[in-house]
Amino acid sequence: MSLSHRAGYVVRVLITLLALSHDCQARVHSHGRFVRIKGTRFVLNWSYFVFNGFNSYWMMHVAADPSEKYKVSKMFREAAVAGLSVCRTWAFSDGGDRALQIFPGVYDERVFQALDFVISKARRHGIGLILSFVNNYKEFGGRPQYVEWARNAGVNNVNGEDDFYTNPTVKKYYKTMLRFITRMNTITKIAYKDDPTIMAWELMNEPRCEADYLGRMVNGWVQEMASFVKSLDKKHLLEIGMEGFYGDSMPKKKVNNPAGYNQVGTDFITNNLIKEIEFTTIHAYPDIWLSGQNDSAQMAFMKRWMHSHSIDSNKILKKPLVLAEFGKSKKDSVHSLGERDQYLRKVYESTKA
């Protein structure tokens, strides 16, 4: 979801789409071990690992201002008390205010140290991190900024944002950025690639592509970049950052997509079959995707969305599934907080069905 929509959400959580009473609820960096995959399950300390988590995209941005760093500490402290064990957040800010990457390959060390701070505080409170590398949208730079950098540098054949996926220069910019995986944290003195506080890397927040609705362009990019990430870091898990829209590899499954979302340039099945991608993700915003329908219809869609992806992740992809974003907008004055909480409760109950 773009930031303009995301800012209106009261709650944005992430959960694994299964829960068993004997599963491990340990903190991610417990005993310095990394979260692993066994079949369709996450494993930590030789036990199945199921988590409830949260999205706080703003952490590095806020931590870059010394007067606001306390907000990061407070968020992790309260999350730990609430029993949340994983946080998904941005490890990017490309151009603009408090930019991490000022120009391709040129960084602001002050902002890097803000990311160091975020990781150190997560470690202190036993919360694992899913760190995203780039945005699909213009907020915090994203694909548009990479393409603009190339265009401003006089690179030929850069015509639109979807050239992010295919232009050799733009892909080189992205790969150069990925090398920060080897950075040494100035606070913990642990290299990012060696820190079990980081549970997983995410290639992009919600990739989409208008130039190729079949998803082949995105698929080629995912394969190339996933292989490159694994050449730098074989310890951490890797996921794409997808919303979950079905594509033409299995056309009958497109009936599960919300109306108007059959041509976004991704394919949940094909993209996640790439072997370097170790778990799948979905996002769900039925109050936006089905804005003209009532609460019952939106909840029915939500249940179908989770069920179909859970089945496909288990049977076809044979990988764990994370519901990485969902919530209910506070911009809709029709809904009370009580109705919001009831909706969230139903979603959690559905994960255990």
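K.L.:
What am I meant to see in the overall build of the protein chain here?
P.N.:
Looking only at helices and strands, the protein chain has eleven helices and 13 strands in total. Here the protein chain has a C-alpha radius of gyration of 19 Å; the compact-globule value for 353 residues is 20 Å, and the two agree. Considered along the principal axes of its C-alpha atoms, the protein chain spans approximately 50 × 45 × 40 Å. Burial analysis of the protein chain (353 residues in total) assigns 59% to the buried set. Relative to all contacts within the protein chain whose residues are 6 or more apart in sequence, the contacts with residues 24 or more apart total 74%. Roughly 14700 Å² of accessible area belongs to the protein chain as shown, and the carbon and sulfur atoms make up 52% of that amount. Of the charged side chains in the protein chain, 48 are positive and 36 negative, and the gap between their average positions amounts to 6 Å.

K.L.:
Teacher, can you tell me more about the nonpolar core here?
P.N.:
Grouped together as the largest cluster of nonpolar side chains are 60 residues, with contacts concentrated most on F76, F133, F164, Y174, W201 and L203. Taken together, the elements giving at least two residues each to this core come down to α2 (59-63), α3 (69-81), α4 (109-124), β9 (128-132), α5 (142-152), α6 (168-178), β10 (198-202) and α7 (216-232). Contact partners of W201, with chain neighbours within four places excluded, come to L131, F133, F180, I181, Y192, V229, D233, H236, L237, L238 and E239.

K.L.:
Explain the packing of helix α10 (residues 295-317) against helix α11 (residues 337-351) here, please?
P.N.:
Between two packed helices, the angle of one axis relative to the other and the distance separating the axes together describe the packing. Where α10 meets α11, the axes come as close as 10 Å, and the angle between the chain directions of the two elements is 30°. Looking at the two axes, α10 sits roughly parallel to α11. The handedness of the crossing between α10 and α11 comes out as right-handed. Counted together, M299, M302, K303 and M306 of α10 and Y343, K346, V347, S350 and T351 of α11 form the full contact between these two elements. Here the contact of α10 with α11 is built from residues that sort into five nonpolar, two polar and two charged.

K.L.:
Would you mind showing me how to read the sheet that holds strand β2 (residues 36-38) here?
P.N.:
What holds strands together in a sheet is hydrogen bonding between their backbones, with the strands either parallel or antiparallel. The sheet built from three strands is open, its strands ordered β2-β3-β4 with antiparallel pairing. Here the strands that pair on one side only, and so sit at the sheet edges, are β2 and β4 (47-48). Bridge count between strand β3 (residues 41-44) and β4: two bridges; the pairing is antiparallel. Its bridge partner lying in β4, L44 is registered against S47.

K.L.:
Even after reading the chapter, I still don't get α7, so can you show me in this structure?
P.N.:
Helical geometry: 3.6 residues make up each α-helical turn, so side chains three or four residues apart lie on a common side. With 17 residues, α7 should cover 24 Å at 1.5 Å per step; its first-to-last C-alpha distance of 25 Å lies within 8% of that length. Taken as a whole, α7 has its buried residues at V218, N219, W221, V222, M225, A226, F228, V229, K230 and L232. Check the buried side of α7 and you find it contacts α6, β10, β11 (237-239) and α8 (268-272).

K.L.:
For this particular structure, what's the right way to read the pattern of salt bridges?
P.N.:
Where charged atoms from two side chains of opposite charge approach closely, those side chains can pair. One pass over the structure, following the stated rule, counts 22 salt bridges. Linking D108 and R110 is a salt bridge whose minimum nitrogen-to-oxygen distance equals 3.4 Å. Classification of R110 as partly exposed rests on a relative accessible area of 43%. A salt bridge links E224 to K171, with the shortest nitrogen-to-oxygen separation between them at 2.8 Å. Of the two residues, E224 sits in helix α7 while K171 sits in helix α6, which places them 53 residues apart along the sequence. You can call E224 partly exposed: its relative accessible area is 26%. For K171, a relative accessible area of 16% puts it in the buried group. Several salt bridges converge on common partners, so that one network encompasses D65, E68, K71, D97 and R98.

K.L.:
When you look at the confidence of the model for the protein chain in this model, what are you seeing that I'm missing?
P.N.:
Regions with low pLDDT carry predicted coordinates that are not meant to be interpreted in detail. Per-residue confidence for the protein chain gives a mean pLDDT of 91, with 90% of residues at or over 70. Per-residue pLDDT stays below 50 along residues 18-24; that stretch engages in 15 contacts with residues further than four places along the chain or on separate chains.

K.L.:
What is the right way to look at unusual backbone geometry in this model?
P.N.:
Leaving glycine aside, a negative phi is the common case for residues, and trans is the common case for peptide bonds. With a phi angle near 50°, R98 is a residue other than glycine that sits in the positive phi range. Its identity is not glycine, yet N157 carries a phi of approximately 60°, on the positive side.

K.L.:
Where do I start with α10 in this structure?
P.N.:
When the terminal C-alpha atoms of α10 are compared, their 31 Å separation across 23 residues agrees well with the 33 Å that a helix rising 1.5 Å per residue should span. Among the residues of α10, those classed as buried are Q298, M299, F301, M302, W305, M306, S308, H309, D312, S313 and L317. Packing partners of the buried residues in α10 comprise α8, β12 (280-284), α9 (286-289), β13 (321-326) and α11. Among the residues of α10, the N-terminal cap falls to N294, whose side-chain oxygen and the backbone nitrogen of S296 are separated by 3.2 Å.

Conventions we followed
- Residues numbered from 1 in each chain as written.
- Predicted model: local features only at pLDDT ≥ 70, side-chain atom pairs only at ≥ 80, totals over all residues.
- Heavy atoms only, no water.
- Helix = DSSP H or I, 4+ residues; strand = E, 2+ residues; numbered from the N terminus.
- Rg over C-alpha atoms; globule rule 2.2 N^0.38 Å.
- Buried < 20%, exposed > 50% of the residue type's maximum accessible area, 1.4 Å probe, protein only.
- Contact = heavy atoms within 4.5 Å.
- Areas by Shrake-Rupley, 256 points an atom, 1.4 Å probe, with all protein chains shown as cover.
- Lys, Arg positive; Asp, Glu negative; His and termini not counted.
- Charge placed at Lys NZ, Arg CZ, Asp CG, Glu CD.
- Core = buried A, V, L, I, M, F, W, Y, C linked by side-chain atoms within 4.5 Å.
- Axes fitted to C-alpha atoms, helices over the stretch in contact; angles between N-to-C directions.
- Parallel < 35°, antiparallel > 145°, perpendicular 65-115°, else oblique.
- Left-handed = near helix turned anticlockwise from the far one by under 90°.
- Nonpolar A, V, L, I, M, F, W, Y, C, P; charged D, E, K, R; others polar.
- Pairing = 2+ DSSP bridges.
- Expected span 1.5 Å × (residues − 1).
- Salt bridge = Lys/Arg side-chain N within 4 Å of Asp/Glu carboxyl O.
- pLDDT = per-residue confidence, 0-100.
- Polar contact = N/O pair within 3.5 Å; in protein donor to acceptor, adjacent residues only side chain to side chain.

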